[in-house]
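A closer look at the structure
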Amino acid sequence: MDEDKINGTLMWYYKICKREVWLMSKNIIPDQKDTNIDIGRFIHEMSYSRNKKEIEFGNVKFDVLLNTKDQLVIGETKKSSKFQEASRLQLLYYLRELKNANIDAKGILLYPEEKKRVEVELNEENIIELEKAEDEIVEIMNKEVPPPVAKNKFCRSCGYREYCFA
Ligand code: SF4
């Protein structure tokens, strides 16, 4: 398994739970009936929908929030800023993929319920951060067994919680 398998979703989970990165990379499907997942999906679909357009680009899928002749702005609409670090890394990943294709873009994280927006910009420092994360994700994906359960603040709304805590 190599870096081609990495995508924005895995970058997000990397900041949340290494065990989840392994489970997702093995295509082990989480419990889709989880109510928290449904609420998150609903808000994601409804918020800012007037400006939003989803674009697929290689193995990258992101929301375009604004596309003027001078600036492409991509972003994510999230239920809460509780996992802002994970969303930031995910967005940096998208920005770096676009930069590799000679497309300059700006990133914004939107938290409609909190009326909050956070700007995200790619720089040399966070490109190194992305590379380190990618190396570690590849290492996790190549393991024969998942990393042990490490209880964290995402467990309560995680679709794998039955699997981890049964
Ligand atoms: S339930 Fe917790 S430990 Fe298990 S995969 Fe989800 S976040 Fe990770």
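Residues numbered from 1 in each chain as written. Predicted model: local features only at pLDDT ≥ 70, side-chain atom pairs only at ≥ 80, totals over all residues. Heavy atoms only, no water.

With that settled, the discussion passes to the overall build of the protein. Secondary structure summary: the protein contains six helices and five strands in total. Counting helices and strands in the order they occur from the N terminus, the protein gives α-α-α-β-β-β-α-β-β-α-α. A burial count over the protein gives 42% of its 166 residues as buried. In the protein, once contacts between residues fewer than 6 apart in sequence are set aside, the share between residues at least 24 apart is 69%. By element, 48% of the accessible surface of the protein is carried by carbon and sulfur atoms, the whole surface being about 10,200 Å². (Helix = DSSP H or I, 4+ residues; strand = E, 2+ residues; numbered from the N terminus. Buried < 20%, exposed > 50% of the residue type's maximum accessible area, 1.4 Å probe, protein only. Contact = heavy atoms within 4.5 Å. Areas by Shrake-Rupley, 256 points an atom, 1.4 Å probe, with all protein chains shown as cover.)

Further remarks concern a positive patch on the surface. On the surface, a cluster of positive charge is made up of Lys79, Lys82, Lys153 and Arg156. Within the secondary structure layout, Arg156 lies in the loop between α5 (124–141) and α6 (161–165). Residue Arg156 is classed as exposed on the basis of its relative accessible area, which comes to 75%. (Patch = residues over 30% accessible without salt bridge, like charges linked within 9 Å, V, L, I, M, F, W, Y side chains within 5 Å. Salt bridge = Lys/Arg side-chain N within 4 Å of Asp/Glu carboxyl O. Lys, Arg positive; Asp, Glu negative; His and termini not counted. Charge placed at Lys NZ, Arg CZ, Asp CG, Glu CD.)

Glancing now at the site of the ligand. Among the 13 residues in the neighbourhood of the ligand, the closest are listed as Cys17, Glu20, Cys155, Cys158 and Cys164. For the shell around the ligand, the secondary structure elements donating two or more residues are α2 (18–25) and α6. The element that contributes the greatest number of residues to the shell around the ligand is α6, accounting for three residues. Classifying every residue of the shell around the ligand gives 10 nonpolar, one polar and two charged. (Near = heavy atom within 4 Å. Nonpolar A, V, L, I, M, F, W, Y, C, P; charged D, E, K, R; others polar.)

With that settled, the discussion passes to the pattern of salt bridges. Summed over all chains, the structure comprises five salt bridges. When the shortest N-O distance is used, the salt bridge between Arg96 and Glu97 registers 3.2 Å. Residue class for Arg96 comes out buried when judged on its relative accessible area of 8%.

Our focus in this paragraph is the side chain of Ser25. Relative to the elements of secondary structure, Ser25 occurs in helix α2. A residue is classified by how much of its surface remains accessible, and Ser25, at 13% relative accessible area, is buried. Polar contacts involving the side chain of Ser25 include one to the main-chain carbonyl oxygen of Trp22, which spans 2.8 Å. (Polar contact = N/O pair within 3.5 Å; in protein donor to acceptor, adjacent residues only side chain to side chain.)

Mapped onto the elements of the fold, Pro146 is located in the loop between α5 and α6. Considered as a pair, Pro146 and Val21 are 125 residues apart in the sequence and their alpha carbons are 8.8 Å apart. When neighbours within four sequence positions are excluded, Pro146 is seen to be in contact with Arg19 and Trp22.

A few words now on the confidence of the model for the protein. With 80% of its residues at a pLDDT of 70 or more, the protein has an overall mean of 82. Mean pLDDT across the secondary structure elements of the protein bottoms out at helix α3 (residues 35–46), with 50, and peaks at α5, with 96. (pLDDT = per-residue confidence, 0-100.)

A contiguous patch of negative charge, built from Glu131, Asp135, Glu136 and Glu139, is present on the exposed surface. Take Glu136: it is sitting in helix α5. For Glu136, a relative accessible area of 31% corresponds to the partly exposed category.

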